[in-house]
Amino acid sequence: MKCVNIFFPTSNKSILSGNSEGLIFIEQYASKVTYYTSQYGSINGVSYTANNLMGPPSRYPAYGDFPETYVPRTYGPWWKETLVISPSKGKTEVLITGQDFVDILFQKPVYPYCVNVYETYNSGCVRRLWAGDGQGNWKLFHENHMKKSLKHSQIFSSEPHHLQFLTSIIRVEIDSSLADYYPEIDAVLLVGTETYPPFEESLKLCVTGLSTKIIGLGLHRLVPGFNAIESIQRLCFKYQVPAQSSTICHLSKLPEEILRIILSFLDLHSLCSLACVSTSFNKICKDSVLFTSVNLKPYWYCVNLSSLEWLTVRCQCLQYLDMSWCGNYGKLSSTDFSWFIKQFGKRLRILRLENCTFLNNEVLYWISTCCPCLQELNLRGCRDLESNAFWHLGKLHMMERLILDNTQIELPTLLVSLQSMTSLSHLSLGTSFVVHEIVRWLNRHRPGIISLDLWRNGHLSNHGMEVLVGLGNLRELDIGWCGLPPNGNWISLLANRCRSLEKLFLTAARTAKDTDLIAIAQFCPNLKQLDLLGNSYITSEGCCRQLQLLDVSYCCQIDAGHVSNWRRTYPHVSIKRIFINEED
């Protein structure tokens, strides 16, 4: 942490000219990572983990794939197409969150002025920057438009402005849905002041920033007779509001049945806004039919007990609830959520609680007791839950989809809980388990399972592969970084037995050969996604005719020429290939 001149990209350097001599800026790098949604690296590892964000950049300004950086687990549109998570039942919200976030703690609380994010690979995936006070209160500091990733390193710098909000926590929200490959972040720098600037100084900084915007728009070149206000209105509003006409049909005059159908297409934010228009709209906007699906994830920054109380008169028919990211840092308590689920859990079929820290033994007890119809439960990233809390899941007899990535559930608890889930067909367990014990149990008790995610779940033995290939109904299988036995033709046998596969991730399996790829092409005609990263034995003889995604990164016998030829021959296939910090 130091009080020195701060770096801004060229477009922002002019902002500094407005500073007074008495305003001291403090710049500091991250001292701790308090929370994150996902990481490509293992929990106890050092490569590609969130903890790599601590301290100054180690790789910037170099561009490439570096294990010393932070990398989220997902990128692009591929992960939205998984069978593990059912297609969204909620309405499309106006506000769309990114796929991942990471909360970064800084040593000294400041009034933030600028945040620099050092991106070293597939830059441009920072969607929003939030400032938090550590008690669940957040202020949006900067928002960026969705865009395709860039093929160079950069310092993403928020537009400098003072936020009247003392903070030592910055949340970096990442949206990599348009990224061509995994994005990587090297470090985060927070710039701010210990005291909020006096009104005159704050006004000077605001005016300086506004002047920059005006110049950027070319509005400073005004000519006599030019009306700037009208010009701005024409720029901001493409269509003029037509004059009132007798032919206009007012919504309020429609029958309630028709109006209810129209309102069923509105997202939660729009319904809340419409309820403020009139008494009649307020009444119909409370209809429980409009709240069978509630997605609170886009509003995670403001969800609290009052939000749940507001829903109580509207959620009698609630079937889908997504509260992922909500209630952290004490904003919601376990008692608050338990109270809500006891009232409205009886009809719930889908419950998503990704990365929620208010969950504990009490909450899981009430979920298992009050939600008898639950078919999907997503607890991904709930790392604070102790293993004994998961015993309650055994009461959920109708469960079909269970997502427990990055939790502390232990193997005995898991197997006992799964015993009563006779309809289970989708299971995601991105945690450290004795993986062959899991697949042996599934082979014996749930042989019809459709999708299975065992990312980084230890080494698969010969016996583990023998029972895995017996799961003949699999359509999705992720055994990335699990480690396969070096002997035997297990991958070919897997392709032969599991002919309905649509997604197969063999990341770092190390044992895949050309004969395996030929078997995959022959026996798996519906395969769409194939990840072969780190398999050194495969060559350009492999085939990718019917695929949508093929990752051959770090496959040393496949060079750039092979990939270029594939791309020309199979233009519909998205082929990924990086090798020793070189990208094709």
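For every chain, the first residue of its written sequence is number 1, and the numbers climb from 1 along that sequence. Totals for whole chains, interfaces and linings use every residue, but because this is a predicted model, local features are given only for residues with pLDDT of at least 70 and side-chain atom pairs only at 80 or more, for both listing and counting. Values reported for side chains reflect all heavy atoms of the structure, with hydrogen atoms and water molecules removed beforehand.

(A) Quick look at the overall build of the protein chain. Summing up its helical and strand segments, the protein chain has 14 helices and 22 strands in all. Remark: exposure states derive from per-residue accessible area (1.4 Å probe, protein chains only) relative to the maximum for the residue type, with buried under 20%, exposed over 50%, and partly exposed in between. Classification of the 584 residues of the protein chain by burial places 54% in the buried group. Expressed as a percentage of contacts within the protein chain between residues at least 6 apart in sequence, the contacts between residues at least 24 apart total 76%. Note on areas: Shrake-Rupley with a 1.4 Å probe; residue coverage comes only from the protein chains shown. Approximately 26,100 Å² of the protein chain is accessible, and the part contributed by carbon and sulfur atoms is 55%. Numbering goes from the N terminus for both helices and strands, where a helix is a DSSP run of H or I of at least four residues and a strand is a run of E of at least two. When checking whether two residues touch, look at their non-hydrogen atoms; a contact exists if any pair is within 4.5 Å.

(B) Geometry of unusual backbone geometry. The linkage connecting Tyr60 with the following residue, Pro61, adopts the cis geometry, with an omega of 15°. One can find Pro61 in the loop between strand S2 (32-36) and strand S3 (100-121). Look at Asn122: it is not a glycine, yet its phi comes out positive at around 50°. Along the chain, Asn122 turns up in the loop between S3 and strand S4 (126-132). Positive phi is not limited to glycine here, since Trp481 has a value of about 60°. Tracing the backbone through its elements, the reader meets Trp481 in the loop between strand S16 (476-478) and helix H12 (490-497). For Trp481, a relative accessible area of 29% puts it in the partly exposed group.

(C) Representation of the pattern of salt bridges in the model. Here, a salt bridge means any side-chain nitrogen of Lys or Arg that lies within 4 Å of a carboxyl oxygen of Asp or Glu. Using the criterion set out here, one finds 18 salt bridges in the structure. Here Glu143 ties to Arg128 by a salt bridge, and the two come within 3.1 Å at their closest N and O atoms. On the criterion of sequence distance, the pair formed by Glu143 in strand S5 (residues 138-143) and Arg128 in strand S4 is long-range, its members being 15 residues apart. In this structure, the salt-bridge partner of Arg440 is Glu437, at a minimum N-O distance of 2.5 Å. Highlighted residues: Arg440 and Glu437, both in helix H10 (residues 435-445), separated by three residues, approximately one helical turn. Residue Glu437 is classed as partly exposed on the basis of its relative accessible area, which comes to 23%.

(D) Here's a closer look at the environment of Leu418. By the secondary structure assignment, Leu418 is in helix H9 (residues 411-419). Given the relative accessible area of 0%, Leu418 is considered buried. In this structure the C-alpha to C-alpha distance between Leu418 and Leu402, which are 16 residues apart in sequence, comes to 9.4 Å.

(E) Representation of the sheet that holds S16 within the structure. Pairing in this open sheet of 12 strands is parallel, and the strands run S9-S10-S11-S12-S13-S14-S15-S16-S17-S18-S19-S20 from one edge to the other. The strands lining the two open edges of the sheet, one partner per strand, are strand S9 (293-295) and strand S20 (574-576). Strand after strand, the sheet turns through a mean of 5° between neighbouring axes, direction not considered. When DSSP finds two or more bridges between two strands, those strands count as paired. As paired strands, strand S10 (residues 320-322) and strand S11 (residues 350-352) are joined by three bridges and run parallel to one another. Counterpart to Leu321 in the pairing with S11 is Leu351. Under this scheme, a helix contributes an axis fitted over its contacting stretch, all axes are lines through C-alpha atoms, and angles between N-to-C directions fall in the 0 to 180 degree range.

(F) Just the environment of Lys513, in detail. Relative to the helices and strands, Lys513 resides in the loop between strand S17 (503-505) and helix H13 (514-523). C-alpha separation for the pair Lys513 and Asn489, spaced 24 residues apart in sequence, amounts to 9.1 Å. Setting aside residues up to four positions removed in sequence, Lys513 forms contacts with Gly488, Asn489, Tyr537 and Ile538.

(G) How the structure looks around the side chain of Thr97. For Thr97, the position within the fold is in the loop between S2 and S3. For Thr97, a relative accessible area of 14% corresponds to the buried category. Discounting chain neighbours no more than four positions away, the residues touching Thr97 are Arg128, Glu173, Asp175, Lys297, Pro298, Trp300 and Trp325.

(H) Representation of a nonpolar patch on the surface in the model. Among the surface-exposed residues, Ile258, Ile261, Ile262 and Phe265 lie close enough to one another that they form a single nonpolar patch of about 420 Å² accessible area. Relative to the assigned elements, Phe265 resides in the loop between helix H3 (256-263) and helix H4 (268-275). Each patch groups residues whose relative accessible area exceeds 30% and which form no salt bridge, using 9 Å between like charges and 5 Å between nonpolar side chains of Val, Leu, Ile, Met, Phe, Trp and Tyr.

(I) Summary view of H13. Judged by how many residues are buried, H13 sits mostly within the fold: seven of 10 residues are covered. Where H13 is buried, its residues touch H12, S17 and strand S18 (529-531).

(J) Summary view of the confidence of the model for the protein chain. Values of pLDDT, which run from 0 to 100, indicate the predictor's confidence residue by residue. Residues of the protein chain with pLDDT of at least 70 account for 84%, and the chain-wide mean is 86. Note on residues 4-21: pLDDT under 50 across the span, and 39 contacts to partners over four residues away in sequence or across chains. pLDDT under 50 marks residues 236-241. Its contacts with residues more than four places away, or in other chains, come to zero contacts.

(K) Quick peek at the packing of aromatic side chains. By convention, a stacked pair of Phe, Tyr or Trp rings (six-membered ring in the case of Trp) has centres within 6.5 Å and planes under 30 degrees apart, an edge-to-face pair has planes over 60 apart, and any other such pair is tilted. Tallying each qualifying case throughout the model produces 22 aromatic pairs. Ring geometry for Tyr63 and Tyr121: centres 5.3 Å apart, planes at 50°, overall tilted. With a gap of 58 residues between them, Tyr63 in the loop between S2 and S3 and Tyr121 in strand S3 connect regions that are remote in the sequence. Take Tyr63: its relative accessible area is 25%, and that puts it in the partly exposed class. Aromatic side chains Phe340 and Phe344 sit 5.0 Å apart centroid to centroid with 45° between the ring planes, which places their arrangement in the tilted category. Within this pair, Phe340 and its partner Phe344 are both found in helix H7 (residues 334-344), separated by four residues, close to a single helical turn.

(L) Quick look at the nonpolar core. By size, the foremost hydrophobic cluster in this structure holds 114 residues, and its most contacted members are Met323, Leu452 and Leu468. For this core, the element with the most residues is H10, which contributes five residues. Setting aside its immediate chain neighbours within four residues, Leu468 contacts Val439, Leu452, Leu460, Leu474, Leu477, Ile479 and Leu494. For our purposes a nonpolar core is just a set of buried Ala, Val, Leu, Ile, Met, Phe, Trp, Tyr and Cys residues, chained together by side-chain atoms within 4.5 Å.

(M) Just the state of the cysteines, in detail. Note on disulfides: each one is a pair of cysteine sulfur atoms within 2.5 Å. Counting across every chain of the model gives zero disulfides. Note on Cys524: no disulfide assigned, nearest cysteine sulfur contributed by Cys498 at a separation of 7.7 Å.

(N) Focus on the side chain of Ser324. Topologically, Ser324 is positioned in the loop between S10 and H7. Overall, Ser324 belongs to the buried group, its relative accessible area being 1%. As used in this structure description, the phrase polar contact means that two N or O atoms lie within 3.5 Å; if the pair is within protein, one of them must be able to donate a hydrogen and the other to accept it, and residues adjacent in sequence are counted only when both atoms belong to side chains. A polar side-chain atom of Ser324 sits 3.1 Å from the main-chain amide nitrogen of Glu354. Ignoring anything within four residues of it in the chain, the contact list for Ser324 reads Lys297, Trp300, Arg352, Leu353, Glu354 and Cys356.

(O) Focus on the packing of H12 against H13. For the pair H12 and H13, interaxial distance at closest approach is 8 Å and the crossing angle is 0°. In terms of their interaxial angle, H12 and H13 are classed as roughly parallel. In this structure, H12 uses Ile491, Ser492, Ala495 and Asn496 to contact H13, whose residues at the interface are Thr515, Asp516, Ala519, Ile520 and Phe523. Classes in brief: Ala, Val, Leu, Ile, Met, Phe, Trp, Tyr, Cys and Pro nonpolar; Asp, Glu, Lys and Arg charged; the others, Gly included, polar. A breakdown of the residues in the contact of H12 with H13 according to their chemical character gives five nonpolar, three polar and one charged. Roughly parallel refers to an angle under 35 degrees, roughly antiparallel to one over 145, roughly perpendicular to one between 65 and 115, and oblique to any angle outside these ranges.

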